[in-house]
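Now for the letters of each chain:
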Amino acid sequence: MGLIVQKYGGSSVADAASVKRVARRIVDTKNEGHDVVVIVSAMGDTTDELINLAEQVSPSPAARELDMLLTAGERISMAVLAMAIHDLGVEARSYTGSQAGLITDSAHGRARIIDVTPGRIQSALADGAIPIVAGFQGVAQDTKDITTLGRGGSDTTAVALAAALGADVCEIYTDVDGVFSADPRIAPKARQVPRITYQEMMELAANGAKILHLRCVEYARRFDLPIHVRSSFSAKNGTFVVSDSSVSEGEAMEQPIIAGVAHDLGDAKVTVIGVPDKPGEAAAIFRALADAEVNIDMIVQNISTAATGRTDVTFTCPMSDGQKATAALEAVRQQIGFESLTNDDGIAKISLVGAGMRSNPGVSATFFEALAQAGVNVEMISTSEIRISVVTRAESVATAVQAVHTAFGLDADGEAVVYGGTGR
Ligand code: ADP
Ligand code: ASP
Ligand code: MG
């Protein structure tokens, strides 16, 4: 008997029949003798539909009101899931993030959890009830306004509550059998991995593998809480995300060099053309972007296509920050003296991740040869200790991921199963 936290993603509760199926699974866990706390996401594509609605009403909706609107999605699923559990003869009580004690800062749309006070969840457990908590939301400590944690944030709600409650494991139920060596929606030969370290999972999540919210993995690592990513559509064991040191020496020898390939279609590439080649210019560019709160990822500086004595500075940032970035730079154009700007949304970032890269020469060569043989043009390159990333055209994303996946011997014999969801 232990405490299990289970999180069900949107595709696992997409309609009434799915809600009932999930309710059955939760009650079965309880009947095995465990205490269960459930976190639930909005049904199906509800969050996207609510965003569309807001944009039809207002081109740039007020952040506070958008958060209030989006949290309604999780409220619907928590209530209907509690109803379905009641019908199986077990008491369940639904709680909003605020009621469950998820205290955040006041950064609407990307709030961070700063405290968890799960008193009501503990009381519900003491009464023998199953608490059902709305994911992805909290309440700001200072303003008392309702906040959201960023897209995919229900994973982080689940891990934060699991840590605060001292749960034995946090189970993340989704529409694939676990973490794969690439997104099975674009790489059908992707292979499910039985175990992955926090470090590699963080690198994959930070580079577009949306199977887990990045902050949920950071949180789990800090509290050394095991995450079990698995399908709500099958009874199979999924993937355990575990600490680097729990992969024993013997096992480590058999760990593949590469953990997986991630891709990200959510970035834009901005080029500042014809920047005078003198000290202080890059500083001025990135100061303007920082003041506008634009998140920068890759940066490259080149000899300019425009004129001699000048350089081009290219960087990537989230596509949603692209307009903000170009507006901020236009405002300092005279001061910096650059010639023009381009903003390109048609890019993809492909990243190869693996802790074994550190000690295995030749990984970069194999990576670039695979891309070359597949006819994929590389526009930018960046690396970290355990990752190589390139920017390519968005149309090349599937070709590039599959080529790299094959080149590193990651292909499985069969095809990966995707049980549901639209991949939005
Ligand atoms: P949920 O609604 O359950 O939170 P998400 O859509 O957020 O589900 O995440 C699951 C999806 O993540 C999968 O359907 C898959 O397309 C995608 N994905 C991306 N990278 C990976 C990967 N490396 N392993 C498994 N799934 C991945
Ligand atoms: N419903 C939210 C989203 O779609 C949160 C989540 O699913 O984790 O992003
Ligand atoms: Mg998700």
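Model, not experiment: these values are computed from the prediction.

Novice: Looking at this model, I keep getting lost on the overall build of the chain. Mind explaining?
Specialist: The number of helices and strands found in the chain is 13 helices and 20 strands. Its C-alpha atoms give the chain a radius of gyration of 23 Å, near enough to 22 Å, the size a compact globule of 424 residues would have. Taking all 424 residues of the chain together, 52% fall into the buried category. Pairs at least 24 residues apart make up 76% of the contacts formed inside the chain by residues separated by at least 6 positions. Carbon and sulfur atoms form 51% of the exposed surface of the chain, whose accessible area is close to 18300 Å². Of the side chains in the chain, 35 bear a positive and 52 a negative charge, and the two mean positions are spaced by 3 Å.

Novice: Which parts of the structure should I look at to understand the site of ligand 2?
Specialist: As a matter of local geometry, ligand 2 sits amid S41, T47, E74, F136, R151, G152, G153 and S154. One of the side-chain N or O atoms of T47 is found 2.8 Å from a nitrogen atom in ligand 2. With respect to ligand 2, the backbone of G153 contributes an N or O atom lying 3.4 Å from an oxygen atom. Expressed as a share of its isolated accessible area of 260 Å², the protein-covered part of ligand 2 is 86%. Residue classes in the shell around ligand 2 are distributed as 1 nonpolar, 5 polar and 2 charged.

Novice: Would you take a moment to explain the sheet that holds strand 16 (residues 310-318) for this structure?
Specialist: Strand pairs in the sheet, formed through backbone hydrogen bonds, run parallel or antiparallel to each other. On the basis of which strands lie adjacent, the open sheet formed by 4 strands has the order 15-16-14-17 and antiparallel pairing. Edge positions in the sheet fall to strand 15 (299-303) and strand 17 (340-344), since each has one partner strand and no second. Across the sheet, the mean angle from the axis of one strand to that of its neighbour is 20°, orientation sign disregarded. Pairing of strand 14 (residues 267-276) with strand 16 involves 8 bridges; the strand directions are antiparallel.

Novice: Would you mind showing me how to read helix 9 (residues 281-291) here?
Specialist: Given 3.6 residues per turn, any residue in an α-helix points the same way as the ones three and four places further on. Here helix 9 has its buried residues at E281, A284, I285, A288 and L289. Axial view of helix 9: buried residues confined to an arc of 130°, hence all on one face. Exposed residues on helix 9 whose side chains face more than 90 degrees from its buried face are A283, R287 and D291. Buried positions along helix 9 lie against strand 14, strand 16, helix 10 (322-331) and helix 11 (333-336). Remark: E293 follows helix 9 within two positions and exhibits a positive phi of approximately 60°.

Novice: When you look at the site of ligand 1 in this model, what are you seeing that I'm missing?
Specialist: As a structural note, the neighbourhood of ligand 1 is formed by 18 residues, with T174, D175, F180, D183 and R185 the closest of them. G10 places a polar main-chain atom, nitrogen or oxygen, 3.2 Å from an oxygen atom of ligand 1. Taking R185, its side chain carries an N or O atom lying 2.8 Å from an oxygen atom of ligand 1. For ligand 1, the protein covers 89% of the area, taking 570 Å² as the surface of the free molecule. Considering only residue class, the shell around ligand 1 consists of 8 nonpolar, 5 polar and 5 charged.

What counts, and at which threshold
- Residues numbered from 1 in each chain as written.
- Chains lettered and ligands numbered in written order.
- Predicted model: local features only at pLDDT ≥ 70, side-chain atom pairs only at ≥ 80, totals over all residues.
- Heavy atoms only, no water.
- Helix = DSSP H or I, 4+ residues; strand = E, 2+ residues; numbered from the N terminus.
- Rg over C-alpha atoms; globule rule 2.2 N^0.38 Å.
- Buried < 20%, exposed > 50% of the residue type's maximum accessible area, 1.4 Å probe, protein only.
- Contact = heavy atoms within 4.5 Å.
- Areas by Shrake-Rupley, 256 points an atom, 1.4 Å probe, with all protein chains shown as cover.
- Lys, Arg positive; Asp, Glu negative; His and termini not counted.
- Charge placed at Lys NZ, Arg CZ, Asp CG, Glu CD.
- Near = heavy atom within 4 Å.
- Polar contact = N/O pair within 3.5 Å; in protein donor to acceptor, adjacent residues only side chain to side chain.
- Nonpolar A, V, L, I, M, F, W, Y, C, P; charged D, E, K, R; others polar.
- Pairing = 2+ DSSP bridges.
- Axes fitted to C-alpha atoms, helices over the stretch in contact; angles between N-to-C directions.
- Arc of directions from axis to C-beta.

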